[in-house]
Amino acid sequence: MSSPFHHLLATLFCAAFLLQASSSSYAQLSPTFYDQTCPNASSIISSVLQQSFLSDIRIGASLIRLHFHDCFVNGCDGSILLNNSATIESEKEAVANNNSARGFDVVDNMKAALESACPGIVSCADILAIAAEQSVAMSGGPSWAVPLGRRDSLTASRALANMTIPGPFDSLDLLKSKFVNVGLNNDTDLVALSGGHTFGRAQCRTFDNRLFNFNSTNNPDPTLNTTYLATLQQLCPQGGNRSVLANLDLTTPDTFDNNYFSNLQRNNGLLQSDQILFSTVGDATVELVKNFSSNQTSFFERFVVSMIRMGNLSPLTGSDGEIRSSCSRVNGASIIGSSSDDADLISSI
């Protein structure tokens, strides 16, 4: 490895340590939480993930999205993984997740492998956090020590998921308020975590409002590069299949890098909620986009800090919640009919 790479890793781990030490909420979690009870937890998850990457290059982006959508609803507690039951309205069927969120089968495989090795020890919420970090690292992005020790929720909230998860049509003010409302900041956390769209896919239905009749103007979104617009119009014609997938990053769609931000500067952001970070003249987000576009190390460092901050939102610890034996149901509960099993068939990221 080169010395710059060593320097980057040292910086990232230092950032993680300082961030953990700076807040009492972080002190509840620790990267060494499973060292005695399930020392191979990370490698077990990694093995399943590596196998999944062989058949599904998109799985990394899908798993980090599950972690993101989980943390925005009552904190990082694995609630997004719960299926419908007599007492639970699954978050899988919230607007942001229905026929969109995917990777649940891979999480189930990770959980099964962990239950075989160390039953009743590793939470589903921690699986999501570890899988998100590994997905980034395996795709060319930074690595960091993930604070662990979360426990799993006994409930889910589809209603809250519908209100709190940031969406592709949100205004910049709404995006900012959603970040602030969960305990993140409305500039660096927002822009850095949006950079997660440097890999993965999105369905036409998440951006085709920009292609022909933006805001009822009978014209396309003026912030769309005209060449890129023509490509997207061909991919997603009016009246066409709105489940067709487009790359979130048209340059390096399966690599975790800073090209997402360079795309925004060329008006090549796929989602309205992406492009708005650069097209809102005078906003602090514009300078952050410029900085991350010109300095990938700066982006990676800030992304790590923001991911740790997000991963520490309202964790269940101690005797709160439980360690689910199956990620899709609370312990002792049975599943009733749920359409969420079909969620992997039509997917967004």
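What you see is a predicted model, and the numbers here were worked out from it, not measured in a lab.

Student: Provide a residue-level description of the layout of surface pockets, including the pertinent values.
Tutor: One number sums up the size of the largest pocket: a volume of about 660 Å³. Around the largest pocket, the lining comprises 37 residues; the ones closest to its centre are Arg65, His69, Pro166, Gly167 and His197. Considering every element that reaches the lining of the largest pocket, the biggest residue donor is helix H4 (residues 59-71), with five residues. Grouping the constituent residues of the lining of the largest pocket by class yields 21 nonpolar, ten polar and six charged. Roughly 200 Å³ of volume is contained in the second largest pocket. Along the wall of the second largest pocket there are 13 residues; nearest its centre are Pro31, Ser42, Ile130, Val146 and Leu148. Looking at the lining of the second largest pocket, the elements with two or more residues in it are helix H3 (41-55) and helix H6 (124-138).

Student: Quick one: what's the story with the state of the cysteines, residue by residue and with numbers?
Tutor: For the structure on display, the rule yields four disulfides. A sulfur-sulfur separation of 1.9 Å characterises the disulfide bridge that pairs cysteine 38 with cysteine 118. Taken as a pair, cysteine 38 in the loop between helix H2 (24-27) and H3 and cysteine 118 in the loop between helix H5 (104-117) and H6 lie far apart in primary sequence, 80 residues in all. For the pair shown, cysteine 38 and cysteine 118 are each scored as buried. Covalent S-S linkage joins cysteine 124 and cysteine 327, the inter-sulfur distance amounting to 2.1 Å. Classification of the bridge connecting cysteine 124 and cysteine 327 rests on its S-S torsion, roughly -95°, and on that basis the disulfide is left-handed.

Student: Give me the environment of serine 273: which residues, what numbers.
Tutor: On the secondary structure map, serine 273 appears in helix H12 (residues 272-279). What serine 273 contacts, discounting residues up to four positions off in sequence, is Gly167, Pro168, Asp170 and Leu175.

Student: Talk me through the UniProt feature "binding site: substrate" (unreviewed entry) in the protein chain; I want residue IDs and the actual numbers.
Tutor: Look at the UniProt record and you will see "binding site: substrate" (unreviewed entry) annotated at Pro166. Within the secondary structure, proline 166 sits in the loop between helix H7 (158-164) and helix H8 (172-182). Overall, the relative accessible area of 15% leaves proline 166 in the buried class. Beyond its immediate stretch of four places on either side in the chain, proline 166 contacts Phe68, Phe72, Leu175, Lys178 and Phe179.

How each quantity is defined
- Residues numbered from 1 in each chain as written.
- Predicted model: local features only at pLDDT ≥ 70, side-chain atom pairs only at ≥ 80, totals over all residues.
- Heavy atoms only, no water.
- 1 Å grid on protein atoms, 1.4 Å probe; cavity = no way out; pocket = protein on both sides within 12 Å on 5 of 7 lines; lining within 4 Å.
- Points joined across faces, edges and corners; volume = space filled by probe spheres on them.
- Helix = DSSP H or I, 4+ residues; strand = E, 2+ residues; numbered from the N terminus.
- Nonpolar A, V, L, I, M, F, W, Y, C, P; charged D, E, K, R; others polar.
- Disulfide = S-S within 2.5 Å.
- Buried < 20%, exposed > 50% of the residue type's maximum accessible area, 1.4 Å probe, protein only.
- Contact = heavy atoms within 4.5 Å.
- UniProt positions renumbered as here; feature names shortened; annotations may be inferred.

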